[in-house]
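Chains, contacts and geometry: an overview
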Amino acid sequence: MYQGIRMSGFGGQGVISAGILLAQAGLLEGKNVSWFPAYGAEMRGGTANCSVVVADDEVSSPIVSRPDTAVVLNEPSLAKFEPMLKPGGLLIVNSSLVNTKPKRTDIRVALVPCNAIAQELGTIKIANMVALGALAGLTGAVSIEAIAKALPKVFKRAKPEILELNVKALKKGAEAKAE
Amino acid sequence: MELVNKWPAGLVEMPLRYCPGCGHGIVHRIVGECLEELGIRERTVGVAPVGCSVFADDYFNCDMIQGPHGRGPAIATGIKRSKPECIVFSYQGDGDLASIGMAETIHSAARSENITVIFINNAIYGMTGGQMAPTTLIGQKASTCPRGRDPKVNGYPIRICELLQSLEGASYLERTSVHTAANAIKTKKAVKRAFQNQIECKGFSLVEVLSMCPTGWEATPLNSVKYIADKMMPLYPLGVYRSPEQREQKEGGAA
Amino acid sequence: MGEKILMKGNEALAEGAIRAGCRFFSGYPITPQNEVPEYMSWRLPDEGGTFIQAESEVAAINMIYGAASTGMRCMTSSSSPGISLKQEGISYCAGADLPFFYANVVRGGPGLGNIAASQGDYHQSVRGGGHGDYRVLVLAPNSVDEMANFPKKCYELAFRYRMPSMILADGILGQMMEPVEFKFEPVDPKSFKEAGWELGLAAGRRKRIVRSYDLREGELEKINAARLKKYREIEEKEVLFEAKQCDDAELVVVAYGTSSRIAAAAVKMARDKGLKVGLFRPITLWPFPKKQLAKLAEKSRKFLVVEMSMGQFVDDVRLAVCGRIEVDLYARPAGIPSGEETFAAVEKSYKSMTPARAAAPAKTAKPKGKPGRPRKKPAKKAGRPAKKTRKGGRR
């Protein structure tokens, strides 16, 4: 198993921490993992993205240039990462914020209204968890249980009820279907 | 018969290789005496600069390190923070301290590093052959301003004590001279106080000493003494520019 | 020990240094190594250590010079332009025989370059770097786990030989997160004994002097000759490397650090396609595994160097094999190759071996009993395949 993943969104949407969570979950499941942020000159409001690899074998490059899966939480990310996907790859789109429809026909697409689902659960802050849940459900790279176990390791100061809410978002996201 | 003028324990018994009439020897002796009188010789580490006093690592009878040009206060910082029980001083000339090492001078003062800096201001680069220093006087001739320092071309001399005075971190700043015996005695008092401050953990202390450089100035030793009194002292007035007491008062007032 | 934790390379490096006994750090901000000073600034005081944000890289390295002179296990880190500024101080430490440890999290250059990963500082690392005649010990990790575990090795070597040692990393190794396992118990600095050169409390002993000069006629040469002897000993004893699937390899890919990981992926692809390709990875870049490479040149037929620079590392590989074997180059100056791109370079290099030999790599091609002898080239046919100096993308 090898999953090269790119996660992208506005700074503040939580793609960086969702990526760390994914890597931590993979580690808990005994897989080889890496996480690599696109780091740049500091600025607010820009697009943030990270690469995550979850694999059975050793991870070669931590920079995922041809992703198996891309998670795009905002419009600019779609334009950037849709073309990079491998043929047959999976594109998870936050349809609450991304209006453009993906153009490629050689990939699988999951339109997930992450913000709307998160809002229903109580706060849009957990939209990233909905997307991560969808990724886990659709790729099987890691289990929802592993992510739930990883949560307190990554968010060390989070209160139990917040962690619980995150798990709810993960589970809701895992129900997503791809076409 | 009583020996009244012995070699101070703070200096190694060896001839100093400075030019006749140079002020370094006097200041070396002063520092050496202070190390002895304060009983700190065996726990003092000195930093020798690049310049004429590069050989200070041989002369002072305490652990010594010789470092890159201008970086004395940074090296002293590293030593003091690693061994706070040691007394650490940096001995520097004007090119070293006020030109290439200006950033280290200012920032170690701003951090109020608990170190002592002995600053020899002779308004010239001695070792390299009498080039213009940041402290060279307007009109003073040097090998890189042969017609005399022209402010339009070479800018103006830097007054270190006045400059550092604005920094809250500077604890003790005094300018003295060694062109007369009376002034040398005052210099010793200042140097002693600068070490005493460190012993009492009062932060950054610097003594700027106006000093003769007959070779660099192309003058006789006697004329060099006169040069300090007539030309240097008006530009570089002697006195205390900052004392720990002033600093405490200021801090108390602010609180 | 034991548990694997997910850590960022820069933080693993800092934690590894602290666990190896580092109690003094001075540095200056520069991307992509900022997590090192940031980590040190909160972690060191907890251990009774000192963190100083210096006013410049120049001041930072001179604080290290001072701290190292007391025998303190100290560290600084920076990225390429900052290391350039530190070179004078590093030269002084080498000249004064002071042990300390530093890390260069390399970014693209020259000049301000960029902040992405690069291997462009190879030469300045393995050739000393500053002015004068000296070496520093250079270790090149290729994982976050090694970022965490190499500082201990660096300190041990630095103190054993009284000289600076460094980790040559890059933006990827600094910024990425990977599982880490600290493979040693934390070292207690109180357990270190004075060696007899340290400055400090001098009661009952003669004064000590730390300096990097000797102006007396003929003296500096003696000091440098002694240092050379030490360097020779290190070249003999301290070489570290990793060789994978080299035994039957016709083509050996030679790479270090991040590019060795990418090369590993390419080697795997090549093996999957039935190409006999191996991977040789120097872990110490100085001392360089010259002998090991020379030996490998006897049994394989071609080397391919993969580096994220113009062709610096390849110089040492070519010096090591001394013309015995053809050495191709896949250079990506300030570029980061993918596994696929690297595989393409491997395949091209492999296929440009002369067909006769590629078909029959066995005994006949090897004159027996004369190892080390330059092999005869089969006439002019193959000539020298065009060097693959790729005009790197992503500028």
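Up top is the structure.
Described below are features of the structure shown in this document. (Residues numbered from 1 in each chain as written. Chains lettered and ligands numbered in written order. Predicted model: local features only at pLDDT ≥ 70, side-chain atom pairs only at ≥ 80, totals over all residues. Heavy atoms only, no water.)

1. Some words on the overall build of chain C
Along its length, chain C carries 13 helices and 15 strands. The buried share of chain C, reckoned over its 395 residues, is 59%. Long-range contacts, defined as pairs at least 24 residues apart, comprise 79% of the intrachain contacts of chain C with a sequence gap of at least 6. (Helix = DSSP H or I, 4+ residues; strand = E, 2+ residues; numbered from the N terminus. Buried < 20%, exposed > 50% of the residue type's maximum accessible area, 1.4 Å probe, protein only. Contact = heavy atoms within 4.5 Å.)

2. Details of the side chain of Asn115 of chain A
With respect to the helices and strands, Asn115 of chain A occurs in helix α3 (residues 114-121). Aside from chain neighbours lying at most four places away, what touches Asn115 of chain A is Asn94, Ser96, Leu97, Ile124 and Ala127 of chain A.

3. Considering the sheet that holds strand β10 (residues 241-244) of chain C
Residues and elements named next belong to chain C. The five strands lie next to each other as β10-β12-β11-β14-β15, forming an open sheet whose pairing is mixed. Sheet topology places β10 and β15 (326-331) at the edges, where each strand pairs with a single neighbour. Strand after strand, the sheet turns through a mean of 20 degrees between neighbouring axes, direction not considered. Relative to the sheet, helix α9 (residues 257-272) contacts β11 (251-254), β12 (277-282) and β14 (302-307), its axis offset from that of β12 by approximately 165 degrees. (Pairing = 2+ DSSP bridges. Axes fitted to C-alpha atoms, helices over the stretch in contact; angles between N-to-C directions.)

4. Digging into helix α4 (residues 80-95) of chain C
All names here are of chain C. The terminal C-alpha atoms of α4, which comprises 16 residues, lie 22 Å apart, in line with the 22 Å expected from a rise of 1.5 Å per residue. Along α4, the helix axis deviates most sharply at Lys86, where the bend reaches about 45 degrees. Counting buried positions along α4 yields twelve of 16 residues, so the element is predominantly enclosed. By the burial criterion, the buried members of α4 are Ser80, Gly82, Ile83, Lys86, Gln87, Gly89, Ile90, Ser91, Tyr92, Cys93, Ala94 and Gly95. (Expected span 1.5 Å × (residues − 1). Bend = angle between axes of the 7 residues up to and from the residue.)

5. Concerning the sheet that holds strand β7 (residues 164-170) of chain C
Residues and elements named next belong to chain C. Read across the sheet, seven strands follow the order β3-β2-β4-β5-β7-β6-β13 without closing on themselves; strand pairing throughout is mixed. Each having just a single partner strand, β3 (50-53) and β13 (284-286) make up the two edges of the open sheet. Each adjacent strand pair in this sheet contributes to an overall mean axis angle of 20 degrees, direction not counted. Taken together, the four bridges between strand β4 (residues 74-78) and strand β5 (residues 100-106) define a ladder with parallel strand orientation. Looking at β5, one finds that Thr76 is bridged to Tyr102.

6. Remarks on the packing of helix α3 (residues 72-82) of chain B against helix α3 (residues 57-69) of chain C
In contact at an axis separation of 6 Å, α3 of chain B and α3 of chain C are set at 45 degrees when each is read in the N-to-C sense. Considering the angle they form, α3 of chain B stands oblique to α3 of chain C. Note that α3 of chain B runs across α3 of chain C; the crossing there is right-handed. Seen from α3 of chain B, the contacting residues are Ala74, Ile75, Thr77, Gly78, Ile79 and Ser82 of chain B; seen from α3 of chain C, they are Ala59, Asn62, Met63, Tyr65, Gly66, Ala67 and Ser69 of chain C. A class-by-class count of the residues in the contact of α3 of chain B with α3 of chain C yields seven nonpolar, six polar and no charged. (Parallel < 35°, antiparallel > 145°, perpendicular 65-115°, else oblique. Left-handed = near helix turned anticlockwise from the far one by under 90°. Nonpolar A, V, L, I, M, F, W, Y, C, P; charged D, E, K, R; others polar.)

7. Considering the interface of chain C and chain A
Taken together, the 24 residues of chain C in the interface contact 21 residues of chain A. When chain C packs against chain A, close to 1,700 Å² is buried across both sides, 67% of that on carbon and sulfur atoms. For the pair chain C and chain A, the number of links is three salt bridges. Residue Asp57 of chain A is joined to Lys268 of chain C by a salt bridge in which the shortest nitrogen-to-oxygen separation is 3.9 Å. Counting across the interface, chain C meets chain A through three residue pairs in polar contact (both at pLDDT 80 or more). Breaking the side of chain C that touches chain A down by element, the ones donating at least two residues are β1 (5-8), α7 (171-175), β8 (177-180) and α9 of chain C. For the side of chain C that touches chain A, the leading source of residues is α9 of chain C, giving four residues. Class assignment for the residues of the side of chain C that touches chain A results in 13 nonpolar, four polar and seven charged. (Buried area = accessible area lost by both parts, 1.4 Å probe. Salt bridge = Lys/Arg side-chain N within 4 Å of Asp/Glu carboxyl O. Polar contact = N/O pair within 3.5 Å; in protein donor to acceptor, adjacent residues only side chain to side chain.)

8. Topic: the packing of aromatic side chains
Counted by the stated rule, this structure contains 18 aromatic pairs over all chains. Directly above the ring of Phe55 of chain B sits Arg17 of chain B, whose terminal nitrogen or CZ lies 4.6 Å from the centroid. Across the ring face of Phe182 of chain C, the terminal group of Arg19 of chain C is positioned such that the distance to the ring centre comes to 4.0 Å. (Phe/Tyr/Trp six-rings, centres within 6.5 Å; stacked < 30°, edge-to-face > 60°. Lys NZ or Arg CZ within 6 Å of the ring centre and 35° of its normal.)

9. A short note on the pattern of salt bridges
Throughout the structure, instances matching the rule amount to 56 salt bridges over all chains. As a salt-bridge pair, Glu200 of chain B and Lys202 of chain B come within 2.8 Å of each other at their nearest N and O atoms. For Glu200 of chain B, a relative accessible area of 39% translates into the label partly exposed. Its salt-bridge partner being Arg216 of chain C, residue Asp214 of chain C comes within 2.7 Å of it at the nearest N-O pair. For Asp214 of chain C, a relative accessible area of 16% translates into the label buried.

10. Points about the interface of chain C and chain B
Between chain C and chain B, the contact holds 36 residues from the first and 35 residues from the second. Summed over both partners, the interface of chain C with chain B comes to about 2,700 Å²; 58% of that surface belongs to carbon and sulfur atoms. Three residues stand out in chain C for area buried against chain B, namely Glu55, Lys207 and Tyr213 of chain C, and they jointly supply 23% of the buried area on that side. Our count for the contact surface shared by chain C and chain B stands at four salt bridges.

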